[in-house]
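Descriptive analysis of the structure
Residue-level listing of the chains:
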Amino acid sequence: MSSKMEQKEAHQTNGVVLPIVAGTIDCLTSPDREQLVESTEFLGPDGEGVEVVVLESRANAKGVREEDALLENGSQSNESDDTSTDRGPEPASPFKETSFSIGLQVLFPFLLAGFGTVAAGMVLDIVQHWDVFKYVTEVFILVPALLGLKGNLEMTLASRLSTAANIGQMDSPKELWRMITGNMALIQVQATVVGFLASIAAVIFGWIPDGHFSIGHAILLCASSVATAFIASLVLGMIMIGVIIGSRKMGINPDNVATPIAASLGDLITLALLSGISWGLYKELDSKAYVNPLVCAFFVALLPLWIIIAKKNPATREVLYSGWEPVIIAMAISSVGGLILDKTVSDPNFAGMAVFTPVINGVGGNLVAVQASRISTYLHMSGVPGESSEGAPRKCPSPCSTFFSSDLNSRSARVLFLLVVPGHLVFLYTISSMQGGHTTLTLIFIVFYMTAALLQVLILLYIADWMVHWMWGRGLDPDNFSIPYLTALGDLLGTGLLALSFHILWLIGDRDTDVGD
């Protein structure tokens, strides 16, 4: 061994520390010779000879950084192996959260969104007595479908823009303008198409039970649905863009404020627009029959323009071609809930149900959306969709593992479930103090209402645990596919269980109902 050779550093290899040495090796300057290889023998711990190959290449900044990173990662990996060699792969939790911290973070957005649903319920309680809701009762079928559409489109818009802002894709004016125009055009396409399909579903669900079809009412539903979906998405999209840009300038994470604001304003704006537009078009139904088809044709004719704009943006082009299945199926599921609402509220004995429907549906949807997002984040910490991991079980989970295990997702499920009763008590008190609805809040009514709300959230949280893992195992990103299904199931469960509670209370004669206008 040359006397000029000296020890430089130690490297861990399979638990055996071997010295790595470097010497003064003359580099050849010929471009054909990239590296020199020198083989040197050392004595290992057991006295046997161990051959070490020393590679020296042209030194450059990139090579040094890569070598340092590899050595550092190897050291960290071996240190981890020394402390936990027997444990299998386990997804890392992004935060060390306690039940108290989870509840504290969720409470404010939960209340903010809940008061938005209370306001929407008050609006529905008033407009249910308008002529358009009395004589074109299929409008009730549009209510859960369009409110759910708001959640599916605006929540995903807020998520996309917040992510783009956080990773620096909206820093320059050019990038900002391209991101805004592409995403606004995309949600106009989605809103117009799904709004049109929702009106067709309302016509079908209204025609099947009664066997009565009116072409004038069908066109009215189409025009009202498409116009409401388009304008609501435009207004809410502009609000979301303003909130996200303002949050970035103030140094606030848009993820923490955009979604609650969308949830709190969406129901109220959408329901107010649906009521006003359908009422205005109903007034023109007899005197100016051409207005309704003209309105419908106008918004449909704008579709090619929005498609062209959305296709120019690479980020929205992919969403434009994919992602339709969950939104459309969710719309169909919500329309079934709307059919239940239509048949229940149309009976004067159950007119008081209208004010509570947006509340119970909105609360359930918001809570299960939080849980689905948390589970999805947990899975993303361990890999990519489609990868098999311990965090993604293949079989249906048991209720005990969903609610009573010690992991973080089970803890958050318990916290969200415990928010149901105090949250609904606050919302019921608010409705009562504002003299909304036609139902006296007796003790037995509160018990039945709370039972329906708890059962709804319990079922939703369990389905979310199964559905997110199921989609993950099949290579689908739960962030894009699970929430539309879960919120639609929340609409169906909430409306169905609430209608069942009202029917039981009516049968036992414990409701004091005022059916006057």
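Residues numbered from 1 in each chain as written. Predicted model: local features only at pLDDT ≥ 70, side-chain atom pairs only at ≥ 80, totals over all residues. Heavy atoms only, no water.

**Here's the deal with helix α12 (residues 357-380)**
- Compared with an ideal rise of 1.5 Å per residue, which puts 24 residues at 34 Å, α12 spans 34 Å between its outermost C-alpha atoms and is within 8% of the ideal.
- Across the 24 residues that make up α12, a large majority, 19, are buried. (Helix = DSSP H or I, 4+ residues; strand = E, 2+ residues; numbered from the N terminus. Expected span 1.5 Å × (residues − 1). Buried < 20%, exposed > 50% of the residue type's maximum accessible area, 1.4 Å probe, protein only.)

**Here we look at the environment of L273**
- Turning to its location among the elements, L273 is positioned in helix α7 (residues 258-283).
- Not counting the four nearest positions on each side in its chain, L273 is found in contact with T228, I231 and A232. (Contact = heavy atoms within 4.5 Å.)

**Description of the confidence of the model for the chain**
- Model confidence for the chain is summarised by a mean pLDDT of 76, while 73% of its residues fall at 70 or above.
- Between the elements of the chain, mean pLDDT differs from a low of 39, seen in helix α1 (residues 61-83), to a high of 93, seen in helix α15 (residues 420-433).
- Segment residues 1-47 is flagged for pLDDT under 50; beyond a separation of four residues in sequence, or across chains, it makes 66 contacts in the model.
- Segment residues 511-517: pLDDT under 50, and 18 contacts once partners within four positions in sequence are set aside and those in other chains are kept. (pLDDT = per-residue confidence, 0-100.)

**Looking at the packing of aromatic side chains**
- Going through the model one piece at a time under the given rule, you end up with 14 aromatic pairs.
- Arranged with centres 5.5 Å apart and planes meeting at 80°, the rings of F115 and F427 form a pair that is edge-to-face. With F115 in helix α2 (residues 99-127) and F427 in helix α15, the pair connects residues that are 312 residues apart, well separated along the chain.
- Exposure remark for F427: the relative accessible area of 1% places this residue in the buried category.
- When the ring of F298 is compared with that of F299, the centres are 5.2 Å apart and the planes differ by 75°; the resulting orientation is edge-to-face.
- F299 sits in the buried class, given a relative accessible area of 10%.
- An aromatic cluster of three or more residues is present, and its members are F230, F298, F299 and W306. (Phe/Tyr/Trp six-rings, centres within 6.5 Å; stacked < 30°, edge-to-face > 60°.)

**Some points on the nonpolar core**
- Formed by 88 residues in total, the largest nonpolar core has its most connected members in F356 and Y449.
- With 10 residues, the single largest contributor to this core is helix α4 (residues 139-166). (Core = buried A, V, L, I, M, F, W, Y, C linked by side-chain atoms within 4.5 Å.)

**Focus: the side chain of S225**
- Its place among the elements puts S225 in helix α6 (residues 215-250).
- By relative accessible area, which is 0% here, S225 ends up buried.
- Engagement of the side chain of S225 in a polar contact is seen with the backbone oxygen of G195, the distance being 2.6 Å.
- If we ignore the near neighbours within four places in the chain, the residues touching S225 are L142, L146, G195, A198 and S199. (Polar contact = N/O pair within 3.5 Å; in protein donor to acceptor, adjacent residues only side chain to side chain.)

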